[in-house]
Amino acid sequence: METTRNARQGRFITFEGTEGAGKTTQIRLLKEYLDSLNIDALVTREPGGTEVGEQVRSLLLQHTSLAMDASSELLLMFAARAQHLAQIIFPALRAGAWVICDRFTDASYAYQGGGRGIPEAQIRAIECAVHENFQPDLTVLLTCAPETAMRRVGDRDEEKDRFESESAEFFRRVHAAYLKRVEQDRERFAVIDTEAKIEDVAAAVRQAVASRFSL
């Protein structure tokens, strides 16, 4: 597995946050902003992004009568991630494109770590095997109150998936785990409150990206 790349080539931006934080909207708006600057940008997601990853995504998100062990869930996430890196992310970055990814490894620390209770050391061991020396150039963490996130998810005109159906306490643990990740790597993160208007959040995202990459 390739774990390094030339920093002068493409840029890797990840978006993190719980369900209902507004990632999908803000990723779309950032892509439009980069397009306006004639920056070649690719949008992808985790789990997913590849044919293998999308099949894993379906397995992870669907409701089933069979319980999934937390470690199995974690390993499936990283299996999809390894394929995603090899097939999509690394080739795009080598070609000079910017990659905007809806979730990456921070989500594993938040959901399988904070949410499911898997020790950080166990997650870190798998992370090292998959992409030891590779991290996003910028991670945008979109935050809002867990109650706001759950209300937004409830307002969607679609059936909740397996993660969206988790309890408020689960999402409080996920949120706390994300904030812990920020404390561990402040330089990489831009934390943006999405309780504000969509256009104000978009402006804050653009500012974070422009500042980080001198646009």
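Residues numbered from 1 in each chain as written. Predicted model: local features only at pLDDT ≥ 70, side-chain atom pairs only at ≥ 80, totals over all residues. Heavy atoms only, no water.

**A look at the packing of helix α3 (residues 70-94) against helix α4 (residues 105-115)**
Remark: α3 packs on α4, axes separated minimally by 11 Å, with the N-to-C direction vectors making an angle of 170°. Classified by the angle their axes make, α3 and α4 are roughly antiparallel. Across the interface between the two elements, Glu-73, Leu-74, Met-77, Phe-78 and Arg-81 from α3 touch Thr-105, Ser-108 and Gln-112 from α4. (Axes fitted to C-alpha atoms, helices over the stretch in contact; angles between N-to-C directions. Helix = DSSP H or I, 4+ residues; strand = E, 2+ residues; numbered from the N terminus. Parallel < 35°, antiparallel > 145°, perpendicular 65-115°, else oblique. Contact = heavy atoms within 4.5 Å.)

**So, the pattern of salt bridges**
Across all of its chains, the model carries 15 salt bridges by this definition. Arg-45 is paired through a salt bridge with Glu-54; the nearest N and O atoms lie 2.7 Å apart. For Arg-45, a relative accessible area of 34% puts it in the partly exposed group. Between Arg-116 and Glu-73 there is a salt bridge, and its shortest N-O distance comes to 3.0 Å. (Salt bridge = Lys/Arg side-chain N within 4 Å of Asp/Glu carboxyl O. Buried < 20%, exposed > 50% of the residue type's maximum accessible area, 1.4 Å probe, protein only.)

**Let's talk about the sheet that holds strand β3 (residues 98-102)**
Spatial ordering of the open sheet is given by β2-β3-β1-β4-β5, a layout of 5 strands whose pairing is parallel. With one partner strand each, in any of the chains shown, β2 (41-45) and β5 (189-193) form the two edges of the open sheet. Sheet twist, expressed as the average angle between the axes of neighbouring strands with direction ignored, equals 20°. Note: strand β1 (residues 12-16) against strand β4 (residues 138-143), 4 bridges, orientation parallel. Bridge pairing in β4 links Thr-14 to Thr-139. Against the sheet, helix α8 (residues 198-213) makes contact with β1, β3, β4 and β5, and its axis sits at roughly 160° relative to β4, the strand it touches most. (Pairing = 2+ DSSP bridges.)

**Topic: the confidence of the model for the protein chain**
Put simply, the protein chain has an average pLDDT of 90, and 87% of its residues get 70 or more. Below pLDDT 50 for its whole length, residues 4-8 participates in 6 contacts with residues either more than four positions away or in separate chains. (pLDDT = per-residue confidence, 0-100.)

**Remarks on the packing of aromatic side chains**
If you walk through the whole model with that rule in mind, you get 8 aromatic pairs. Aromatic side chains Phe-12 and Phe-134 sit 5.3 Å apart centroid to centroid with 25° between the ring planes, which places their arrangement in the stacked category. Here Phe-12 is found in strand β1, whereas its partner Phe-134 is found in the loop between α5 (120-131) and β4, with 122 residues between them in sequence. Just as Phe-12 is buried, Phe-134 falls in that class too. Note on Phe-90 and Phe-134: the rings are 4.9 Å apart at their centroids and 75° apart in plane angle, and the pair reads as edge-to-face. Here the residue Phe-90 occupies a position in helix α3, and Phe-134 occupies one in the loop between α5 and β4, the gap between them amounting to 44 residues. A residue is classified by how much of its surface remains accessible, and Phe-90, at 1% relative accessible area, is buried. Taking relative accessible area as the criterion, Phe-134 reaches 3% and is therefore assigned buried. What links up through ring pairs into an aromatic cluster is the set Phe-12, Phe-90, Phe-104 and Phe-134. (Phe/Tyr/Trp six-rings, centres within 6.5 Å; stacked < 30°, edge-to-face > 60°.)

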